[in-house]
Amino acid sequence: MDAPRARLADIARQAEVSEATVSRVLNDRPGVSADTRHAVLTALDVLGYERPERLRKRSAGLVGLVTPELENPIFPLFAQVIESALARYGYTPVLCTQTPGGVTEDEYVEMLLDRAVAGIIFVSGLHADTTADHDRYRKLIDRPLPIVMLTGMGELEAPCFSCDDARASAIAVDHLASMGHTRIGLISGPERFLPVQRKTNGYREAMRRHGLEEHIELSLFGVEGGHAAADRLLERGVTGLVCGSDLMALGAVRAARGRGLSVPRDVSVVGYDDSPLIAFTDPPLTTLRQPVRAMSNAAAQSLIDAINGQPSPHSEFMFAPELVVRASTGIAPR
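Now for a quick tour of the structure. What you see is a predicted model, and the numbers here were worked out from it, not measured in a lab.

It is worth spelling out the nonpolar core at this point. Generally speaking, soluble globular proteins have nonpolar side chains that are buried together. Formed by 40 residues in total, the largest nonpolar core has its most connected members in Phe78, Ile121, Val123, Leu150 and Ile184. Ile187, Ala255, Ala256 and Ile278 belong to the second largest nonpolar core, which has 19 residues in total.

Inspection of the entire model under this criterion finds 18 salt bridges. Notably, a salt bridge pairs Arg209 with Asp174, separated by 3.1 Å at the nearest N-O pair. Remark: Asp174 occurs in helix α7 (residues 165-178) and Arg209 occurs in helix α8 (residues 194-209); sequence separation between them is 35 residues. Relative accessible area serves as the criterion here: at 43%, Arg209 is assigned to the partly exposed category.

The next subject is the packing of helix α2 (residues 19-26) against helix α3 (residues 34-47). Where α2 meets α3, the closest approach of the two axes is 10 Å, and the angle between their N-to-C directions is 85°. It follows from the interaxial angle that α2 and α3 lie roughly perpendicular. Residues Thr21, Val22, Val25 and Leu26 of α2 form the contact with α3, whose participating residues are Thr36, Arg37, Val40, Leu41 and Leu44. Of the residues assigned to the contact of α2 with α3, the class counts are 6 nonpolar, 2 polar and 1 charged.

So, on to the sheet that holds strand β5 (residues 160-163). Overall, parallel pairing links the 6 strands, which are arranged β2-β1-β3-β4-β5-β11 in an open sheet. Strands with a single pairing partner mark the edges of an open sheet, and in this sheet they are β2 (91-97) and β11 (316-319). For this sheet, the mean angle separating the axes of adjacent strands, direction not counted, is 20°. Pairing between strand β3 (residues 120-123) and strand β4 (residues 147-150): 4 bridges, direction parallel. Each residue of the ladder has a partner; that of Ile120, found in β4, is Ile147. Sitting on the sheet, helix α6 (residues 135-142) is in contact with β3 and β4, with an inclination near 145° to β4.

Quick look at the side chain of Asp273 now. Within the element layout of this structure, Asp273 appears in strand β9 (residues 268-273). Of the side chains bearing the opposite charge, Lys199 lies closest to the buried Asp273, which forms no salt bridge; the N-O distance is 6.4 Å. For Asp273, the side chain forms a polar contact with the side chain of Gln290, separated by 2.7 Å. For Asp273, the residues in contact, after removing those within four places along its chain, are Asn72, Ile74, Ser245, Asp246, Thr287, Leu288, Arg289 and Gln290.

Let us now look at helix α10 (residues 246-258). Under the 1.5 Å per step criterion, the end-to-end length of α10 is 18 Å for 13 residues, consistent within 8% with the ideal 18 Å. In this fold, the buried residues of α10 make contact with β6 (184-188), α9 (223-235), β8 (240-243), β9 and β10 (286-289). One or two positions beyond α10, positive phi appears at Gly260, with a value near 80°.

The next thing to look at is the state of the cysteines. This structure, assessed with the given rule, holds 0 disulfides. Cys160 provides the cysteine sulfur closest to Cys96, a residue in no disulfide bond, and the two sulfurs are 19 Å apart. Cysteine Cys160 is unpaired, with the sulfur of Cys163 as its nearest cysteine sulfur at 12 Å. Residue class for Cys160 comes out buried when judged on its relative accessible area of 0%.

Put simply, Arg143 and Pro144 share a cis peptide bond, and its omega is 0°. Cis rather than trans, the peptide bond between Val263 and Pro264 has omega equal to 15°. Counting through the fold element by element, Pro264 comes out in the loop between α10 and β9. At Glu16, a residue that is not glycine, the phi angle is positive and equals roughly 60°. Within the secondary structure, Glu16 is located in the loop between α1 (2-15) and α2. According to the relative accessible area criterion, Glu16 is exposed, its value standing at 73%. The phi angle at Leu277 is positive, at roughly 80°, despite the residue not being glycine.

Reading guide: rules and limits
Residues numbered from 1 in each chain as written. Predicted model: local features only at pLDDT ≥ 70, side-chain atom pairs only at ≥ 80, totals over all residues. Heavy atoms only, no water. Core = buried A, V, L, I, M, F, W, Y, C linked by side-chain atoms within 4.5 Å. Buried < 20%, exposed > 50% of the residue type's maximum accessible area, 1.4 Å probe, protein only. Salt bridge = Lys/Arg side-chain N within 4 Å of Asp/Glu carboxyl O. Helix = DSSP H or I, 4+ residues; strand = E, 2+ residues; numbered from the N terminus. Axes fitted to C-alpha atoms, helices over the stretch in contact; angles between N-to-C directions. Parallel < 35°, antiparallel > 145°, perpendicular 65-115°, else oblique. Contact = heavy atoms within 4.5 Å. Nonpolar A, V, L, I, M, F, W, Y, C, P; charged D, E, K, R; others polar. Pairing = 2+ DSSP bridges. Lys, Arg positive; Asp, Glu negative; His and termini not counted. Polar contact = N/O pair within 3.5 Å; in protein donor to acceptor, adjacent residues only side chain to side chain. Expected span 1.5 Å × (residues − 1). Disulfide = S-S within 2.5 Å.

Below you can see the structure in the form of structure tokens.
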């Protein structure tokens, strides 16, 4: 009997409850609040004890998670946080990653429907493309199937969670202008994407507010696209670059160095995302941080609520970006 008592004592100490309470939880007896039950089960996990069979969470089903390619490290981060959030509710995400020339979003959706998923989360999908036919989503809503969007939404009857892209561009312009830059350019992806349109609008509004001339170059997302767009702006004498993603910003740094320019002595570069490892680039990148964890947790919670018959308002929820100042921005050259 000593060993069980010692085990109960350890768990009780970790959960900050009595041994009697631990016993009631382990035997699945009533009279324990949900918070206390959760504390005891968490203590079991922390101490490395195996949960009794009757207390192990059964899988509540599958949830589709449709993302763009994972070469941009911000998308694996979204997927990781969403996966963890769904797992807490017993749902298993089915990750569907789109790659150029690979399986399309519509084909993934058909496969997910065949697997009878309880709902789908779309990360930066066709819902963010203003030229795409959004009837594909309306058909899902009409089934009805709970769906949630991340990053930009058109006129859809579904909840969406986005970073405030317009505000992000304005913050970047204000930061560069405060350091004396007057020739500030914007580089971003194709104009058909709603987040790009919002970044462009925010940039233009901020440039007008500072009385500065606009310099915009849109290209393909990624390092190569950032390099090409930045090269065109540097040719025009731009000294500050606001970039639509961290990868584009790294391309901009490469373009500057290819011209024999130093970052940040000759050119200042601001990224967007604050994806993993960006703080360790050369130079460490000043960037606008997307609140990935808050957005992802909100999206997962919204989907779970909808699955349980308590849908979130059908509107877009904006999250504020955060300027993270590192070594890629500096005082404008004279």
